[in-house]
Structure formats: structure tokens, C-alpha cells
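Here's the letter readout for the chains.
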Amino acid sequence: MRFEIMRLDDVDGTAVDSTVVDAASVNRMVQQAAAIGQRIYIRPADTCAS
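Remember, predicted model here, so these are calculated numbers, not experimental data.

Right, let's get into the nonpolar core. With 5 residues, the main nonpolar core is built from Phe-3, Ile-5, Val-21, Val-26 and Met-29. Elements with a contribution of two residues or more to this core: β1 (2–8) and α1 (23–36). In this structure, Val-21 is in contact with Met-1, Arg-2, Phe-3, Ile-5, Val-26 and Met-29, ignoring residues within four places of it in sequence.

Shown next, in the form of C-alpha cells:
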């Protein structure tokens, strides 16, 4: 499963940028954000049928 992680603006909470990662990388991204006090939003990434 893949997740979209959006970095949020500290002032108004709008999404500044986003990246899509696999489930194994989510914990690492959360740990990095927590270490610097960054606000993030995580949701399942849209899947496209091939």
C-alpha cells in the first residue's frame, strides 16, 4: 500500500508539498517530521488501475 504524505504550512495548515511513499517508509517520514516539529498529513494514495 502507498501513502501520500503532505507537509503542512505552520501558519495556516495548507499543504506545501507532498510525496507518495510505500508503507515501509511512512514510519521514517513520521520520525523525521517529529524530530524537526514539522506538521504532516498522511492519507492513502490514490491507486490507478493498469
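After presenting the structure, the write-up continues.
This paragraph deals with the pattern of salt bridges. Under the definition given, this model contains 2 salt bridges. For Arg-43, the salt bridge identified is with Glu-4, shortest N-O distance 2.8 Å. Here the residue Arg-43 occupies a position in strand β3 (residues 40–44), and Glu-4 occupies one in strand β1, the gap between them amounting to 39 residues. Assessed through its relative accessible area of 15%, Glu-4 is described here as buried. Here Asp-17 makes a salt bridge to Arg-7, at a shortest N to O gap of 3.0 Å. Placement of Asp-17 in strand β2 (residues 15–22) and of Arg-7 in strand β1 is noted, with a sequence separation of 10 residues between them. For Asp-17, a relative accessible area of 37% corresponds to the partly exposed category. Under the relative-accessibility criterion, Arg-7 is labelled partly exposed at 31%.

Conventions and cut-offs
- Residues numbered from 1 in each chain as written.
- Predicted model: local features only at pLDDT ≥ 70, side-chain atom pairs only at ≥ 80, totals over all residues.
- Heavy atoms only, no water.
- Core = buried A, V, L, I, M, F, W, Y, C linked by side-chain atoms within 4.5 Å.
- Buried < 20%, exposed > 50% of the residue type's maximum accessible area, 1.4 Å probe, protein only.
- Helix = DSSP H or I, 4+ residues; strand = E, 2+ residues; numbered from the N terminus.
- Contact = heavy atoms within 4.5 Å.
- Salt bridge = Lys/Arg side-chain N within 4 Å of Asp/Glu carboxyl O.

Read these as geometric descriptors, not functional statements.
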